[in-house]
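Descriptive analysis of the structure
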Amino acid sequence: MARRGKGPILVAMSGGVDSSVAAALMVRRGYEVIGVTMQIWQESQTDPRHAGCCSLGAVEDARRVARKLGIPHYVLNMKEEFRAAVIDNFIDEYSNGRTPNPCVQCNRHVKFEHLMDRVRELGCEKLVTGHYARVRRDPDGRYRLQQARGKGKDQSYVLYMLSQEQLAKVWFPLGDIEDKSKTRAMAAEMGLHLANKPDSQEICFVSEAGGYAEFLRKQRPEVFQEGEIVSSAGKSLGKHAGVAGFTVGQRRGIRVGGTASPLYVLKVLPTDNRVVVGEAEELLRREVQLDQTHWAIKDPGRYRVKAKIRYNMDPQPATLFAGDQVKLVFDNPVRAVTPGQIAVAYRGKTVLAGGVIAS
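Since the structure is predicted, the reported quantities are computational estimates derived from the model, not experimental observations.

**Focus on the overall build of the protein**
In terms of helices and strands, the protein carries 7 helices and 17 strands. Relative to its length of 359 residues, the protein is compact, with a C-alpha radius of gyration of 22 Å against a globular reference of 21 Å. Projected onto its principal axes, the C-alpha coordinates of the protein cover approximately 70 × 45 × 35 Å. Taking all 359 residues of the protein together, 54% fall into the buried category. Contacts in the protein between residues far apart in sequence, at least 24 positions, make up 64% of those at least 6 positions apart.

**What about the packing of helix α1 (residues 17-28) against helix α6 (residues 180-189)?**
Two quantities define a packed helix pair, namely the angle between the helix axes and the distance between the axes. The interhelical angle for the contact between α1 and α6, taken along N-to-C directions, is 60°, at an axis separation of 10 Å. Relative to α6, α1 is oriented oblique. Between α1 and α6 lies a crossing of left-handed hand. Touching Val-17, Asp-18, Val-21, Leu-25 and Arg-28 of α1 are Lys-180, Thr-183, Arg-184, Met-186, Ala-187 and Glu-189, all from α6.

**Observations regarding the sheet that holds strand β7 (residues 170-171)**
Strand order across the open sheet formed by 5 strands is β3-β2-β1-β4-β7, with parallel pairing between neighbours. Whereas interior strands pair on both sides, the edge strands pair on one side only; in this sheet they are β3 (73-77) and β7. Together, β2 (31-39) and β3 form the strand contacts of helix α2 (residues 56-69), whose direction differs from that of β3 by roughly 160°.

**Brief notes about the packing of aromatic side chains**
Scanning the model with the defined rule gives 10 aromatic pairs in all. Considering the side-chain rings of Tyr-31 and Trp-171, the 5.4 Å spacing of their centres and the 80° angle between planes classify their relative orientation as edge-to-face. Linking Tyr-31 in strand β2 with Trp-171 in strand β7, this pair joins segments that are 140 residues apart in sequence. Within the aromatic cluster, the residues linked to one another by ring pairs are Phe-82, Phe-90, Tyr-94, Phe-205, Tyr-212 and Phe-215. Residue placement shows Arg-217 over the ring face of Phe-224; its charged tip is 4.3 Å from the ring centre.

**Thoughts on the sheet that holds strand β10 (residues 264-269)**
Pairing in this open sheet of 4 strands is mixed, and the strands run β9-β8-β11-β10 from one edge to the other. Every other strand in the sheet has two partners, leaving β9 (236-240) and β10 as the edge strands with one partner each. Neighbour-to-neighbour, the strand axes of this sheet turn through a mean angle of 30°, independent of strand direction. Pairing between β10 and strand β11 (residues 274-278): 5 bridges, direction antiparallel. Directly across from Lys-267, in β11, lies its bridge partner Val-276.

**Regarding the side chain of Ser-156**
Note on placement: Ser-156 falls in the loop between β6 (143-147) and α5 (164-169). Here the side chain of Ser-156 touches Tyr-346 through a polar contact of 2.9 Å, side chain to side chain.

**Considering the side chain of Arg-144**
Note that Arg-144 resides in strand β6. Taking the relative accessible area as the measure of exposure, Arg-144 reaches 17% and is therefore buried. Only 3.0 Å separates the side chain of Arg-144 from the backbone oxygen of Ala-296, close enough to count as a polar contact. Those residues in contact with Arg-144 that sit more than four places away from it in its chain are Arg-134, Val-135, Arg-136, Asp-138, Ala-296, Ile-297 and Thr-350.

**Considering α2**
Because an α-helix completes one turn every 3.6 residues, residues spaced three or four positions apart along the sequence face the same direction. Counted at 1.5 Å a residue, the expected span for α2 with its 14 residues is 20 Å, and the 20 Å between its end C-alpha atoms agrees. Ala-58, Val-59, Asp-61, Ala-62, Val-65, Ala-66 and Leu-69 are the residues of α2 that are buried. Along the long axis of α2, the arc covered by the buried residues comes to 160°, so they all point the same way. In α2, the exposed residues that point more than 90 degrees away from the buried face are Arg-67 and Lys-68. Lining the buried residues of α2 we find α1, β2 and β3. In the stretch just after α2, Gly-70 is the one whose phi turns positive, near 75°.

**Looking at helix α7 (residues 211-219)**
Among the residues making up α7, those that are buried are Ala-213, Phe-215 and Leu-216. For α7, the arc enclosing every buried residue in end-on projection is 160°, short of the 170-degree limit, so these residues lie on one face. Buried residues along α7 sit in contact with α3 (79-95).

**Here's the deal with the nonpolar core**
Counting residues in hydrophobic clusters, the biggest one holds 51 residues, and the most contacted among them are Phe-82, Val-110, Phe-172, Phe-205 and Phe-215. Core analysis: the next-biggest nonpolar cluster, separate from the first, contains 28 residues, Met-13, Val-33, Tyr-132 and Leu-194 among them.

**A look at the pairing of β11**
For a regular strand, side-chain orientation follows a simple rule: the groups alternate between the two sheet faces. The buried fraction of β11 amounts to 4 of the 5 residues, a majority that puts the element mostly inside the structure. As defined by bridge partners, strand β8 (residues 227-231) adjoins β11 across 4 bridges and the pair is classed as parallel. Looking at β11, one finds that Ile-229 is bridged to Val-275. Remark: 4 residues form the turn of the hairpin made by β10 and β11, two consecutive strands paired antiparallel; Asn-273 in that turn has positive phi of roughly 50°.

**Some remarks on the environment of Asp-154**
For Asp-154, the position within the fold is in the loop between β6 and α5. Judged by relative accessible area, which is 8%, Asp-154 ranks as buried. A sequence separation of 35 residues divides Asp-154 from Val-119, and the C-alpha atoms of the two residues are 25 Å apart. Setting aside chain neighbours within four positions, we find Asp-154 in contact with Tyr-132, Gln-146, Gln-147, Ala-148, Tyr-311 and Tyr-346. Within the local environment of Asp-154, its side chain forms a polar contact with the side chain of Ser-156, the two groups lying 2.9 Å apart.

What counts, and where the lines are drawn
Residues numbered from 1 in each chain as written. Predicted model: local features only at pLDDT ≥ 70, side-chain atom pairs only at ≥ 80, totals over all residues. Heavy atoms only, no water. Helix = DSSP H or I, 4+ residues; strand = E, 2+ residues; numbered from the N terminus. Rg over C-alpha atoms; globule rule 2.2 N^0.38 Å. Buried < 20%, exposed > 50% of the residue type's maximum accessible area, 1.4 Å probe, protein only. Contact = heavy atoms within 4.5 Å. Axes fitted to C-alpha atoms, helices over the stretch in contact; angles between N-to-C directions. Parallel < 35°, antiparallel > 145°, perpendicular 65-115°, else oblique. Left-handed = near helix turned anticlockwise from the far one by under 90°. Pairing = 2+ DSSP bridges. Phe/Tyr/Trp six-rings, centres within 6.5 Å; stacked < 30°, edge-to-face > 60°. Lys NZ or Arg CZ within 6 Å of the ring centre and 35° of its normal. Polar contact = N/O pair within 3.5 Å; in protein donor to acceptor, adjacent residues only side chain to side chain. Expected span 1.5 Å × (residues − 1). Arc of directions from axis to C-beta. Core = buried A, V, L, I, M, F, W, Y, C linked by side-chain atoms within 4.5 Å.

Take a look at the structure:
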């Protein structure tokens, strides 16, 4: 392939419409593009909800797009790295009564760690992905991760942990696109066969009919021991089949009767093999403590922010406190603060800090 005018750049091609359009945009802009797909899970799914970046079919979709664009394409077998960084963590966290975010773990330890190694090895200038986010550089040279222009598809939440070195090398060409429908229209205009391919809606490595609980049961059956379901006052209400099948805020699957109001999971206590349930208002909290905090600024302190404790939540006004125990205090209570999930704080459209919810 003849060398193009700019580059080379490495494009992470997941086999979805977003990364395919990102690759096509780079070709259109005159870059020498190298496509790479990580094969990180061996299952091949026919259900489109499971046809995400991990399926064998997605690898073939990425290869087909690369042929259409006339760019070289490589497949990296990263099953071991994915298992160690994402799946094992997923199993451990649920076994310990916490609810992990596997997409964040994958971004942190697989996509933006191992792929950055490939960028250096191949002498590429940038790593391009199909994420909806933006990177801006301050006059002092510091890089800032910002929300995408289109609010409905912003993915800065799952990228909060990117370091200055990574932000300097990454490029998100879809960050200025206002709506996913425009991405699909661009894919159709570019002649890409997957313009209407559905977005993956499930955890990529969970394909069992019983969802994540059945996956966990197969992987670690010892954590599925019968235990008590109790009220917030300690009253025994019934039995559960294993704490790993529950997460804070959950309503379905509690299976206890005789209560006037719907019950929700308030706490998961693996040490006691106990699930604590209560009414909806008992899920409300103002204070959220964080572990493994990543600060995007040089001087952590006390800041007025807007923050979110789950991906599909609108950021809410809060105060962020640094210190031995980093915490967020929301102006108004937020629902179902879930240990193991991610909280991200913003100033304007810029990511200020993020971390794993401790309690």
